[in-house]
Amino acid sequence: MTQGNTASGVIADEKGSELNTSGLTSDAGTDTAPDVLSAPLRVRFDYTRSVGPTIGKFLTGLRGQRIIGVRGSDGRVLVPPSEYDPVTAEPLTEFVDVADVGTVESWTWVREPQSGQPFDRPFAWALIRLDGADTALLHAVDVAEPGEIAKGMRVRARWTAEGTGSITDIACFEPGETSTAAPVLDDDREPVTVITTPVDLDYKHTASPQETVYLRGLAEGKLIGARSGPGEKVYFPPRGANPTSGIPTDDYIELSDHGTVTTFCIVNVPFLGQRIKPPYVAAYVLLDGADIPVLHLVLGCEASEVRMGMRVKAVWRPREEWGFGLENVDHFEPSGEPDADYDTYKHHL
């Protein structure tokens with residue numbers, strides 16, 4: 001389970017200077033601009049999935065420097081192959097080899113390549129209709145400037161030295177009429193059935209004024225909620241506005257670090273990156289004074305002992321380990337208080 005707020009673990013000082021340990025800075029500009037926080041954030045994980053017989057055939061072909069399409073009910077050869085006929089929706093099974101040489105149908109220029117793209121220098125993305133195919137394949141074309149690529153240009157695949165069963169086995173396309181492929185005809189490896197795709201999302205998050213107050217509060221060991229006015233619901237973490245009225249939630253409330261378990265699940269299945277040995281409990285905890293429960297860990301007892309209505313208290317990490325997110329609360333544990341009556345939290349599930 002991932003704990004914390006979107007911008008947890010990052011904050012800046014009151015003057016807006018960047019802290020080396022966080023990377024989050026203050027976006028305060030003029031005297032009238034809100035003093036909000038922002039930070040570069042990065043989400044990375046590997047996504048593994050089975051590919052099925054059709055895409056598996058295509059990827060296995062790429063590993064052997066072959067490009068394989070599939071014939072539809074209307075006679076067209078589709079590349080990349082489609083699992084189901086776009087006309088009849090029936091499964092497609094007639095595979096067809098096509099050339100690794102083709103024609104540029106359209107293109108766009110990449111002036112500033114991003115991390116993870118095929119080149120660290122300017123290049124073109126192009127839709128390429130390979131000889132023998134009736135649909136276009138999207139891939140990179142290695143040319144030095146926009147003047148070197150045009151609609152109708154002939155290009156050929158540049159293959160990697162050793163195929164792995166991925167579209168990146170074609171490193172790119174380059175100007176040319178003649179194939180340079182050396183198809184692997186006696187490949188005794190198992191067909192490609194599973195692929196792992198690395199996902200890497202790099203972006204900048206700018207906190208709202210309300211979220212900024214929440215983050216600064218966590219840096220001081222406080223749990224700050226907010227509401228749009230007296231008598232209104234208290235949101236934790238704060239939202240920018242009351243979702244029912246649209247009124248900004250600028251009335252801040254310091255909440256207790258005690259609360260009530262409303263709903264929960266017992267995690268029994270291990271997964272990659274798991275920090276706690278199963279079984280353990282992920283629960284929604286309604287902090288005293290809040291109207292919206294927050295998801296966190298409940299430890300300090302057997303997982304089977306956790307129940308709805310159980311009273312819990314926050315267990316804070318040592319002060320020297322604090323960052324600027326909800327992970328400053330390591331977990332919740334039973335407080336020893338009597339269970340809360342259902343009527344006190346039934347409207348907050």
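Located above this text is the structure these notes cover.
It should be emphasised that the depicted structure is a prediction, and the values quoted were computed from it without experimental measurement.

J.: Outline the overall build of the protein, supporting the account with residue identities and numerical values.
T.: The number of helices and strands found in the protein is 2 helices and 18 strands. Per-residue burial over the protein gives 39% buried out of 349 residues. As displayed, the protein has an accessible area near 19000 Å², and 51% of this comes from carbon and sulfur atoms.

J.: So what about the sheet that holds strand β5 (residues 95-98)? Which residues, and what values?
T.: Sheet architecture is open: 3 strands sit in the order β4-β3-β5, paired in antiparallel fashion. Unpaired on one side and paired on the other, β4 (77-78) and β5 mark the two borders of the sheet. Of the pairings in the sheet, the one linking strand β3 (residues 67-71) to β4 comprises 2 bridges and is antiparallel in character. The residue of β4 that forms the bridge with R71 is V77. The strands touched by helix α1 (residues 52-63) are β3 and β5; relative to β3, the strand with the most contacts, the crossing angle is about 150 degrees.

J.: Can you break down the side chain of T249 residue by residue, with the values?
T.: With respect to the helices and strands, T249 occurs in the loop between β12 (223-227) and β13 (251-255). Ignoring anything within four residues of it in the chain, the contact list for T249 reads Q210, A226, R227, S228, Y235, R239, G240, A241 and N242.

J.: Tell me about the packing of aromatic side chains, and please be specific about residues and values.
T.: If you walk through the whole model with that rule in mind, you get 5 aromatic pairs. Look at W316 and W322: their rings are 5.4 Å apart centre to centre, the planes differ by 50 degrees, and that puts the pair in the tilted class. Cluster of aromatic residues (ring-pair linked, three or more members): F119, F123 and W125. The ring of F95 carries K57 above its face, with NZ or CZ at 5.6 Å from the centroid.

J.: How would you sum up the nonpolar core? Please name residues and give values.
T.: L59, I67, L130, V141 and F173 are the most contacted members of the largest nonpolar core, which has 28 residues in total. Contributions of two or more residues to this core are made by α1, β5, β7 (123-130), β8 (137-141), β9 (154-159) and β10 (170-175). Each residue touching I67, except ones within four places of it in the same chain, is listed here: F58, L62, V79, V96, D97, V98, A99, D100, L130, W159 and I170. Judged by nonpolar contacts, the second largest core, of 27 residues, contains L215, V261, V285 and L287.

J.: Requested: an account of helix α2 (residues 209-219), with residues and values cited.
T.: Within α2, 9 of the 11 residues are buried, which leaves it mostly tucked inside the rest of the structure. Backbone geometry just after α2 places G221 at a positive phi near 80 degrees.

J.: I'd like a description of the pairing of β12, backed by residues and values.
T.: Burial runs high along β12: 4 of the 5 residues are buried. Taken together, the 5 bridges between β12 and β13 define a ladder with antiparallel strand orientation. The partner of G225 across the bridge, within β13, is I253.

J.: Lay out α1 with the relevant residues and their values.
T.: Taking 1.5 Å of rise per residue, the 12 residues of α1 would be expected to cover 16 Å, and the 16 Å separating its terminal C-alpha atoms lies within 8% of that figure. All buried positions along α1 are accounted for by T54, I55, G56, F58, L59, G61, L62 and R63. Phi for Q65, located one or two positions after α1, is positive at around 60 degrees.

J.: Quick rundown of unusual backbone geometry? Include the residues and the values.
T.: Here the bond from V79 into P80 is cis, since omega is -5 degrees, no more than 30 degrees from zero. The topology assignment puts P80 in the loop between β4 and β5. A positive phi is found at Q65, a non-glycine position, where the angle reads about 60 degrees. Residue placement: Q65 occurs in the loop between α1 and β3.

J.: Lay out the side chain of E174 with the relevant residues and their values.
T.: Mapped onto the fold, E174 is located in strand β10. Residues contacting E174, with those up to four places away along its chain left out, are R154, V155, R156 and R158.

J.: Could you give an account of the environment of L59, with specific residues and numbers?
T.: Among the secondary structure elements, L59 is positioned in helix α1. Here L59 falls in the buried class, since its relative accessible area comes to 7%. Once the C-alpha coordinates of L59 and T193 are considered, the two residues, 134 residues apart in sequence, prove to be 8.8 Å apart. Discounting chain neighbours no more than four positions away, the residues touching L59 are V51, G165, S166, I167, V192 and I195.

J.: Give a detailed account of the pattern of salt bridges, specifying residues and quantitative values.
T.: Scanning all chains against the criterion turns up 20 salt bridges. Between E105 and R129 there is a salt bridge, with the nearest N and O atoms lying 2.9 Å from each other. Residue E105 is located in strand β6 (residues 101-110), and its partner R129 is located in strand β7; the two are separated by 24 residues in the primary sequence. Close ionic contact of K346 with D343 constitutes a salt bridge, the shortest N to O distance being 3.3 Å. Assessed through its relative accessible area of 48%, D343 is described here as partly exposed.

The rules we used
- Residues numbered from 1 in each chain as written.
- Predicted model: local features only at pLDDT ≥ 70, side-chain atom pairs only at ≥ 80, totals over all residues.
- Heavy atoms only, no water.
- Helix = DSSP H or I, 4+ residues; strand = E, 2+ residues; numbered from the N terminus.
- Buried < 20%, exposed > 50% of the residue type's maximum accessible area, 1.4 Å probe, protein only.
- Areas by Shrake-Rupley, 256 points an atom, 1.4 Å probe, with all protein chains shown as cover.
- Pairing = 2+ DSSP bridges.
- Contact = heavy atoms within 4.5 Å.
- Axes fitted to C-alpha atoms, helices over the stretch in contact; angles between N-to-C directions.
- Phe/Tyr/Trp six-rings, centres within 6.5 Å; stacked < 30°, edge-to-face > 60°.
- Lys NZ or Arg CZ within 6 Å of the ring centre and 35° of its normal.
- Core = buried A, V, L, I, M, F, W, Y, C linked by side-chain atoms within 4.5 Å.
- Expected span 1.5 Å × (residues − 1).
- Salt bridge = Lys/Arg side-chain N within 4 Å of Asp/Glu carboxyl O.

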